[in-house]
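A closer look at the structure
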Amino acid sequence: LEEAQPDVWWNDVTVTLKGTFLCSRAVLPGMRTRGHGRIVNVSSYAATRPRPFATAYGCAKAGLLHLTESLAAELADLPPRSPQAMSRLTLQVAC
């Protein structure tokens, strides 16, 4: 972190979070119209297990986990879904 270039650091975070946000936002209307669908976001153990020289990557993946969990909570009003295999590494948001 001490020697990281701020623009490069923030770009790593931005690409992961903004990309996921924009893609999810783009597909949600169709999922609501159909009454079902699935968004699969793939994170990494770096989200929960810090490692040296990977702060941007780890922060981005931790943010991705939180974004995914928050989206699942926002979609809780949709019809019941079939059981999903979920882990902290790969979270599936189904509606």
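Quick caveat, the model's predicted, so the values are computed rather than measured.

1. Quick notes on the overall build of the chain
A tally of regular secondary structure across the chain gives 2 helices and 2 strands. Along the chain, from the amino end to the carboxyl end, the secondary structure elements read α-β-α-β. By residue count, 33% of the 95 residues in the chain fall in the buried class. Put simply, 59% of the contacts in the chain that link residues at least 6 apart link residues at least 24 apart.

2. Re the packing of helix H1 (residues 6–34) against helix H2 (residues 55–74)
Contact geometry for H1 and H2: axes closest at 8 Å, N-to-C directions at 20°. Here H1 is positioned roughly parallel relative to H2, judged by the angle of their axes. Viewed along their axes, H1 and H2 form a crossing whose handedness is right-handed. Judged by residue contacts, Trp9, Asp12, Val13, Thr16, Leu17, Thr20, Phe21, Ser24, Leu28 and Arg32 of H1 engage Thr55, Ala56, Cys59, Ala60, Gly63, Leu64, Leu67, Leu71 and Glu74 from H2. Along the lines of polarity and charge, the residues of the contact of H1 with H2 split into 11 nonpolar, 5 polar and 3 charged.

3. Section: H2
An ideal rise of 1.5 Å per residue puts 28 Å on 20 residues; H2 measures up with 28 Å between its terminal C-alpha atoms. Turning to H2, its buried residues number three or more, namely Ala56, Gly58, Ala60, Lys61, Leu64, Leu65, Thr68, Leu71 and Ala72.

4. Digging into the confidence of the model for the chain
For any part of a model where pLDDT is low, the fine detail of the predicted coordinates should not be relied upon. With 81% of its residues at a pLDDT of 70 or more, the chain has an overall mean of 80. The spread of mean pLDDT over the elements of the chain runs between strand E2 (residues 90–94), the lowest at 44, and H1, the highest at 92. Of the regions scoring below 50 in pLDDT, residues 82–95 engages in 41 contacts with residues more than four places distant in sequence or in other chains.

5. Observations concerning the side chain of Thr20
Tracing the backbone through its elements, the reader meets Thr20 in helix H1. On the accessibility criterion, Thr20 (13% relative accessible area) is buried. Polar side-chain contacts of Thr20 include one of 2.7 Å to the backbone oxygen of Thr16. Filtering out sequence-adjacent residues up to four positions away, Thr20 remains in contact with Val15, Asn41, Leu64 and Leu67.

Reading the values: rules and limits
- Residues numbered from 1 in each chain as written.
- Predicted model: local features only at pLDDT ≥ 70, side-chain atom pairs only at ≥ 80, totals over all residues.
- Heavy atoms only, no water.
- Helix = DSSP H or I, 4+ residues; strand = E, 2+ residues; numbered from the N terminus.
- Buried < 20%, exposed > 50% of the residue type's maximum accessible area, 1.4 Å probe, protein only.
- Contact = heavy atoms within 4.5 Å.
- Axes fitted to C-alpha atoms, helices over the stretch in contact; angles between N-to-C directions.
- Parallel < 35°, antiparallel > 145°, perpendicular 65-115°, else oblique.
- Left-handed = near helix turned anticlockwise from the far one by under 90°.
- Nonpolar A, V, L, I, M, F, W, Y, C, P; charged D, E, K, R; others polar.
- Expected span 1.5 Å × (residues − 1).
- pLDDT = per-residue confidence, 0-100.
- Polar contact = N/O pair within 3.5 Å; in protein donor to acceptor, adjacent residues only side chain to side chain.

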